[in-house]
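# Observations on chain architecture
Chain residues, written in single-letter form:
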Amino acid sequence: MKWQGRSGSGGNLEDRRGMSGGKIAAGGGLIAVIVVLAQLFLGGDGDTGKILNEIQKQSVQTPTEQRELTAEEKKLGEMADVILGDTEAVWKQIFSENGMTYQEPNLVLFTDGVETGCGSATSAAGPFYCPADQKVYMDMEFFKELQSRFGAKGGDFAIAYVIAHEIGHHVQTLMGTSQKVRKMQQGMSEAQANKLSVALELQADFYAGLWAHYNEKRVQMLEPGDIEEALSAAQAVGDDAIQKRMQGHVVPDSFTHGTSEQRMKWFMKGFEGGNIQDGDTFNEL
Ligand SMILES: [Zn+2]
């Protein structure tokens, strides 16, 4: 995939990689000592416990320092930002063609664990979209795993496909499709509800293909092998493929996503047709 030399998103990439959680012991500890000393000298027995509690709370919440990212990590971050910018340009165009306004979501890169509007998550969750804060969350390590554990080809366009798929969930949220489906799922049998989830996931794959179609027209990004990379990733994260390969590792955003064949089919339908009207995955279940 050609991505260098293209501008990134409008500041919508949040890079939280290399940040470690935990307390700043030194700062909190020093203040605590001063408080205890003051207590001793002043002779009161006031609210030391309360104050210490307060200090501890503050030190937990204090953001910790970030380690320097490696050159490879920085490059991956730049590429993710360009892909995010590409999704903004394409979806702005498609929304305006349909008389709507696109609201840009954020893409958060993290390592190990992250706090989101949908609760805390670890890398084990795989990439996901949180509708509550309208952000996509990804640990880039996922793509190494996609290759090593799930047998995908890897490559930059596999990353583009996954980002475009998650942005597809954002589009579904802006269009109200996700909300409609969640409502319909209430009171349904699990099997029926799962069918609707599969339709949502396949539509996100369709939107990823649609994005690739529009973006290729816009900036000619594709290189030989790119579509195969996307299809290989889609194939690798199909429910049937995952169930065959999984050994005790959970990737929730990969359950109830449809088979490998369905996922590839819908991506290609979006990519080849380039028509948003073709994306009704709910009628083909
Ligand atoms: Zn999904």
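Use the structure listed above.
As a starting point, this report considers the structure included with it. (Residues numbered from 1 in each chain as written. Predicted model: local features only at pLDDT ≥ 70, side-chain atom pairs only at ≥ 80, totals over all residues. Heavy atoms only, no water.)

## Things to note about the packing of helix 6 (residues 177–185) against helix 7 (residues 190–219)
Remark: helix 6 packs on helix 7, axes separated minimally by 9 Å, with the N-to-C direction vectors making an angle of 170 degrees. In terms of orientation, helix 6 and helix 7 fall into the roughly antiparallel class. Of helix 7, the residues touching helix 6 (which contributes Thr177, Ser178, Val181, Arg182, Met184 and Gln185) are Ala193, Leu196, Ser197, Leu200 and Gln203. Residues belonging to the contact of helix 6 with helix 7 are distributed by class as follows: five nonpolar, five polar and one charged. (Axes fitted to C-alpha atoms, helices over the stretch in contact; angles between N-to-C directions. Helix = DSSP H or I, 4+ residues; strand = E, 2+ residues; numbered from the N terminus. Parallel < 35°, antiparallel > 145°, perpendicular 65-115°, else oblique. Contact = heavy atoms within 4.5 Å. Nonpolar A, V, L, I, M, F, W, Y, C, P; charged D, E, K, R; others polar.)

## A closer look at the pairing of strand 2 (residues 106–110)
For strand 2, a buried count of five out of five residues is recorded, marking the element as mostly surrounded by other parts of the structure. Neither face of strand 2 is exposed, since Asn106, Val108 and Phe110 on one face and Leu107 and Leu109 on the opposite face are all buried. Taken together, the four bridges between strand 2 and strand 6 (residues 135–138) define a ladder with parallel strand orientation. Note on strand 6: the bridge partner recorded for Leu109 is Met138. (Buried < 20%, exposed > 50% of the residue type's maximum accessible area, 1.4 Å probe, protein only. Pairing = 2+ DSSP bridges.)

## A few points about the coordination of the zinc ion
Those donors, His165 (NE2), His169 (NE2) and Glu201 (OE), are the protein atoms that reach the zinc ion, and they lie 2.0 to 2.2 Å from it. Classification of His165 by relative accessible area gives buried; the value is 3%. (Donors = N, O, S within 2.8 Å, 3.2 Å for Na, K, Ca; no water.)

## With respect to the side chain of Thr111
In this fold, Thr111 is placed in the loop between strand 2 and strand 3 (113–116). Polar side-chain contacts of Thr111 include one of 2.9 Å to the backbone nitrogen of Gly18. Ignoring anything within four residues of it in the chain, the contact list for Thr111 reads Arg16, Arg17, Gly18, Met19, Ser123 and Asp139. (Polar contact = N/O pair within 3.5 Å; in protein donor to acceptor, adjacent residues only side chain to side chain.)

## Considerations on helix 5 (residues 156–175)
The end-to-end C-alpha distance of helix 5 is 28 Å, a good match for the 28 Å that 20 residues give at a rise of 1.5 Å each. For helix 5, the tally of buried residues reaches 17 of 20 residues, placing the bulk of the element in the interior. Looking one or two residues beyond helix 5, the residue adopting positive phi is Gly176, at roughly 85 degrees. (Expected span 1.5 Å × (residues − 1).)

These figures capture arrangement, not role.
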